[in-house]
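Observations on the three-dimensional arrangement
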Amino acid sequence: MSDATALGDGPTAKVAPSPARRVPVGRVVVSVVVAAVLVALPFMFPAFRVEQFVGWMALAIAACGLNLLTGYNGQISVGHGALYGTGAYATALLITDLGWPVWPSVAAAGVICFVVGVAIGLPALRIKGLYLALVTLAVATLFPLIIEQFSSITGGGSGLSITTPQETPRGVIERPIRLESPGGSLAPDQWKYFVFLVLTVVVFVVMRNIVRSRTGRSLVAVRDNETAAEVSGVHVARVKILTFGVSSAMAGIGGAVFALNNGRINPSSFTIVVSIYFLIAVVVGGAASVIGPAIGAVAYGLFIDVLSPELPERFKPATPVILGVLLILLMLFAPGGIVGMWRTSAAKRAAKRARAATAAAASGDTV
Amino acid sequence: MMRHRTRRVGLATTAALLAVVTLAATACGGRDDDSGSGSTTTAKEGGSSSAAFIDPSVDCTDYQGTEGINGDTIKIGTVRPASGTYAIYDQVTTGLNAWVTYVNQSGGLKAKDGKSYKLELIKEDDAYDPAKTPALVKKLVEQDKVFALVGDIGTEPNLSVRDYLNEKCVPNIALATGSTQWGNNKQYPWYIAGLPSYATEAHAWIEYLKESNPKAKIALLYQDDDFGQAYEKAIKKAIKGTDITIVAEQGFNPLGGTTPEAAVTKLSQSDADTFIVGLGGTPCPTSLKLKPDTWNPATIVSVTCAGKTALSLAGGKDQGVIAAQATYDPSDPADAQVPAVQQFRKDATAAGLTEQQIDGGITGPGWGFGSLFGLGIENAETLDRAGVMNALWSLDTDSFGLVRDGVTVITDGTEDPWAIEGFRIVQREGDGWKELSPITNWEGKSNSFAG
Amino acid sequence: MTDFLQVLFVGIGDGAIYAMLGLGLVVIYRSTGLLNFAQGEMAMFSTFIVWTVWDLGVPLPLAVIAGMVGGFGVGALAHQIAVRPVGDPHEKPLAVVMVTIGLFVGLNSAAQLVWGTLDRDLPPLFGSGGIEVAGVAIAWQKIGAVIVLAVLALGFYLLFQRTGLGLAMRAVASNSESASLVGVPVPKLLMLGWGLAAAVGTVAGVFTAPGRGLGSNMMQLTLIFGFAAITLGGFDSLLGAVVGGFVVGIASSVVPQYVPGFEKMPLAPAFILILAVLLFRPEGLFGRKQVQRV
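Residues numbered from 1 in each chain as written. Chains lettered and ligands numbered in written order. Predicted model: local features only at pLDDT ≥ 70, side-chain atom pairs only at ≥ 80, totals over all residues. Heavy atoms only, no water.

1. Brief notes about the overall build of chain C
When helices and strands are tallied, chain C shows 11 helices and two strands. What you see in chain C, going N to C, is helices and strands ordered as α-α-α-α-β-β-α-α-α-α-α-α-α. Computed over its C-alpha atoms, the radius of gyration of chain C comes to 19 Å, within 12% of the 19 Å expected for a compact globule of 294 residues. For chain C, the spread of C-alpha atoms along the principal axes amounts to about 60 × 50 × 35 Å. Buried residues in chain C amount to 59% of all 294 residues. (Helix = DSSP H or I, 4+ residues; strand = E, 2+ residues; numbered from the N terminus. Rg over C-alpha atoms; globule rule 2.2 N^0.38 Å. Buried < 20%, exposed > 50% of the residue type's maximum accessible area, 1.4 Å probe, protein only.)

2. Description of a nonpolar patch on the surface
All names here are of chain A. On the surface, a nonpolar cluster with roughly 330 Å² of combined accessible area is contributed by Val25, Val29, Val33 and Val37. Considering the arrangement of structural elements, one finds Val37 in helix 1 (residues 25–44). Classification of Val37 by relative accessible area gives partly exposed; the value is 44%. (Patch = residues over 30% accessible without salt bridge, like charges linked within 9 Å, V, L, I, M, F, W, Y side chains within 5 Å. Areas by Shrake-Rupley, 256 points an atom, 1.4 Å probe, with all protein chains shown as cover. Salt bridge = Lys/Arg side-chain N within 4 Å of Asp/Glu carboxyl O.)

3. Focus: the interface of chain C and chain B
Every contact between the two is made by 30 residues of chain C and, on the other side, 32 residues of chain B. Between chain C and chain B, a total of about 2500 Å² is buried, with carbon and sulfur atoms accounting for 54% of that surface. Area buried by chain C at its contact with chain B is led by Leu118(C), Asp121(C) and Gln257(C), which between them contribute 21% of it. At the junction of chain C with chain B, the criterion picks out three salt bridges. Glu261(B) is paired through a salt bridge with Lys142(C); the nearest N and O atoms lie 2.6 Å apart. Along the contact surface separating chain C from chain B lie nine residue pairs in polar contact (both at pLDDT 80 or more). Listing elements by their share of the side of chain C that touches chain B, those giving two or more residues are helix 1 (2–32), helix 8 (186–212), helix 9 (220–233) and helix 10 (238–258) of chain C. A total of seven residues in the side of chain C that touches chain B trace back to one element, the largest contributor, which is helix 1 of chain C. When the residues that make up the side of chain C that touches chain B are grouped by side-chain class, the tally is 10 nonpolar, 11 polar and nine charged. (Contact = heavy atoms within 4.5 Å. Buried area = accessible area lost by both parts, 1.4 Å probe. Polar contact = N/O pair within 3.5 Å; in protein donor to acceptor, adjacent residues only side chain to side chain. Nonpolar A, V, L, I, M, F, W, Y, C, P; charged D, E, K, R; others polar.)

4. Points about the nonpolar core
By size, the foremost hydrophobic cluster in this structure holds 208 residues, and its most contacted members are Tyr193(A), Phe196(A), Ile265(A), Met20(C), Leu23(C), Ile101(C) and Phe227(C). The greatest single-element share of this core, amounting to 16 residues, is contributed by helix 2 (residues 47–72) of chain A. Filtering out sequence-adjacent residues up to four positions away, Leu23(C) remains in contact with Leu149(C), Leu152(C), Ala153(C), Phe156(C), Val200(C), Leu238(C), Ala241(C) and Val242(C). Residues Ala199(B), Ile206(B), Ala324(B) and Trp442(B) belong to the second largest nonpolar core, which totals 89 residues. (Core = buried A, V, L, I, M, F, W, Y, C linked by side-chain atoms within 4.5 Å.)

5. Overview of the confidence of the model for chain B
Residue and element names in this part refer to chain B. Predicted confidence across chain B gives a mean pLDDT of 88, with 89% of residues reaching 70 or more. Overall, residues 1–13 carries pLDDT values under 50, and its contacts beyond four positions in sequence, including any with other chains, amount to 18 contacts. Throughout residues 32–50 the model reports pLDDT below 50, and contacts reaching past four residues in sequence, or to other chains, amount to 29 contacts. (pLDDT = per-residue confidence, 0-100.)

6. Focus on the domain arrangement of chain B
Residue and element names in this part refer to chain B. For chain B, the domain assignment lists domain 1 (32–196 + 335–420) and domain 2 (211–325). The C-alpha centroid of domain 2 is placed 31 Å from the C-alpha centroid of domain 1. Taken together, the contact between domain 1 and domain 2 spans 11 residues of the former and seven residues of the latter. Taken together, the two surfaces of domain 1 and domain 2 that pack against each other cover about 610 Å², and 47% of this comes from carbon and sulfur. Its largest share of buried area at the contact with domain 2, domain 1 owes to Asp359, Gly360 and Arg404, together 43% of the area lost on that side. Between the two partners, domain 1 and domain 2, sit zero salt bridges. Our enumeration of links across domain 1 and domain 2 arrives at four residue pairs in polar contact (both at pLDDT 80 or more). When the residues that make up the side of domain 1 that touches domain 2 are grouped by side-chain class, the tally is two nonpolar, six polar and three charged. (Domains from an automatic or database assignment.)

The structure is reproduced here in structure tokens:
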């Protein structure tokens, strides 16, 4: 029951084990419905909306990485915006300056961010808790400045377009990159959506496997009590550094998706505010839950991209006020986020069921 | 343990399902309204001056020339920051909105087809975040089906959608920025700036210095981005071959977190007799305030800083400041007497602007951006997107909006992409400006001033 | 040399501001074990209160006092309605940190709603003049900032070390449960801590505004420097905040001017210093070592 005390999280659901070999019908139905909706979305919405969805995926991937570090391993990072930016710039520079194809660039962005993450993680062996949070905050604040300092490579404050040579009515010119489906059967936005959806799902499946593995359990053990974990044979230093690396790689891949979705990046897109968005996505969805950051990213995206533009003109400047108030209310009434709320109610239902089948409830619960 | 495995199956199923359906969807084909980018035609030879600058049959693969014109209403869109750090620029859009109100109150814009057209303005908020702009512009174009974008704010937000709008052949008129990048209209013919090029402004400063202080020693403070670097490069280009030198320079990074005080202080220790402040936003007036009293150079400020709103933040240190001016300043007691300004004040008040908004100096440009669009509609030979752009690429008129009398408004698609290229040099005196040197028009030269 | 000294004084002036913000952060950390991300925005909000009162015609020093009272109210209120109900920061650090982030986001745009998006001009508290010593001009405002900082730091020191109230606050910080058992009114003291932190933040805001323009965003990056100050000095040390503030202020003004490669990264030297210090003393220069319970 090691994951019962997530950082700022409510109680983890203790779902009563189903009787052996029963097919979890409900779960399959939910999976199919979710998959069907995800597939249908780009056909139901206009292109601009679909591109916003891809932006949510970038956020979800990065938040997933942050969740591994903050939710499961207990190291609060306010600096993942810097890694997101590193991934974005790595992708852009590899494609534009070195002429790399898209996918190797995305993979390289992940690898680069893994290395950078390990480098940031090294001091984390000595620096802990809130001091570490502030070091990551400094990294986040520094990132856009580093981009500006090295403007000869990064384009500085004038931004950087991800371009490839393309044929246009006015001759062959360097144009923003386009991801197009083979044969052109899907609109570019739809193709982008599906490609990155698959990537997002892969990242979350990887995340899930990490969390459920032996390594994942040692992550949580380190979070809950470092000394105790050390005593019981967990290699704390290796776990921490590896977590930092993997978490950073995910943030970097998120950044790559962001860059490819927009086609143009700018240091002002990677300020400290981005790191805060990631934290918001994690806690709104639910820290230390695999799917939480995805739900949080969607909730945040819905608020920023769908709901707030509908506000009456007079209240537009109030958008952040509403966001702030909602965040505080959520922390007051459901510190476990949306998943936490769901788990609590699921736990209640499960408890009811457990009372009905008291015999089965006592054994078998060995997560 | 069992629960464990079934869960994994659940997720794996989801993933597999997604993959399968994705492939299926790919095979089935996408949305119908996608334009695709297949058919490529030969590049247009820019040069034949008799023909219209834009020929949609050559330049566009899927040209929707009259989209956004419904009966006697033309729908236009604009993107600006209504929230966040740069929400102040929302006032530009307030000015644009007032101009639209004024047009509708006075019966609409008269096009060459003899009909009058009313306007509908749709505003979107990108919080000045270039990552948010593309989705909003695509919404305006694809969902709201606007005819054109007018007065979009910010260099980066506008750059983030330049290729898209160019490919869609949707006009982006009177950009609220003077980046030198808008001079590239041969490649991006659907973009026309609403402000003069920052490079031309810098050139005007140096021309003035050549007369007033031919051996000027400049201390240069510029914003370290596209905006400030435009000044920096143009100044360096303009002083070549003169006796004017830059004796000290400092780039200021607004994201850096410090005030410009250290930079100004260091500059003040140089032997410069001229201080050029190429900063935008509040750091511009505060750098006047932070300048040590022991240093008293001739101080030249960016036009973005030369309005009542900005200079009121200089803590009284705005007196004697020099700027290049292309438009009237309604808060200047001298300009307030000009009939065009009095008319503007009357119209703008009727359209709902307050005295404070009119005098502040931020709504005026927005009003002007609308007026430039209005010129395009009124002069278009055929009322469609290409017709309006071609009208704007062959302007020859005295004035629009608050452009000063004597500043010529001439464009030529192939030669001269800048509507405003004339400046006079003025010095701050009381609440107004004293003319130091009269208007000079650098018609058709703006691109050559850019560094 | 003159120009170096001149730039050095810019750093000292900035450093005093960062130290004031740091003091507020330390006070909250001491009483609640929490990093308050909203410290800068609370300061901004109450500086607008100062401006409003001053704009009505009240002399600036009185307006500052009014703003401090208003700031105390903002801080205490924020604690009562948002922070306290979430629970103990030691148990739910992420939730409490997120609440302060919510306050940060909310207060920032609330100020825009109330006072508009135009920046305002707040004159320097000590006037715009200065003195000249050996060719180096020093503004009264900078001298004033250092003096005010000294008074505030001393005041907090005396409060914590020499008064019964301070003793009770320290008791709450080290073990609020035991403190509560011996009859210390814990919630009231925590509210007091937040109020005091916001009041001292007002002063930081009043010194920040003339250099940056009084606007809703003026404290966002300033706060980062305040955080840097206390990270360097130690979260729970008043002396650390003061020393850290000056070190960060001087490093971020002087280094970008004189060391090539740092021109556009004013925060970088401070950050490198922080990293170096933390690697040798993970609790900061003056912080107390945290003991982990098993």
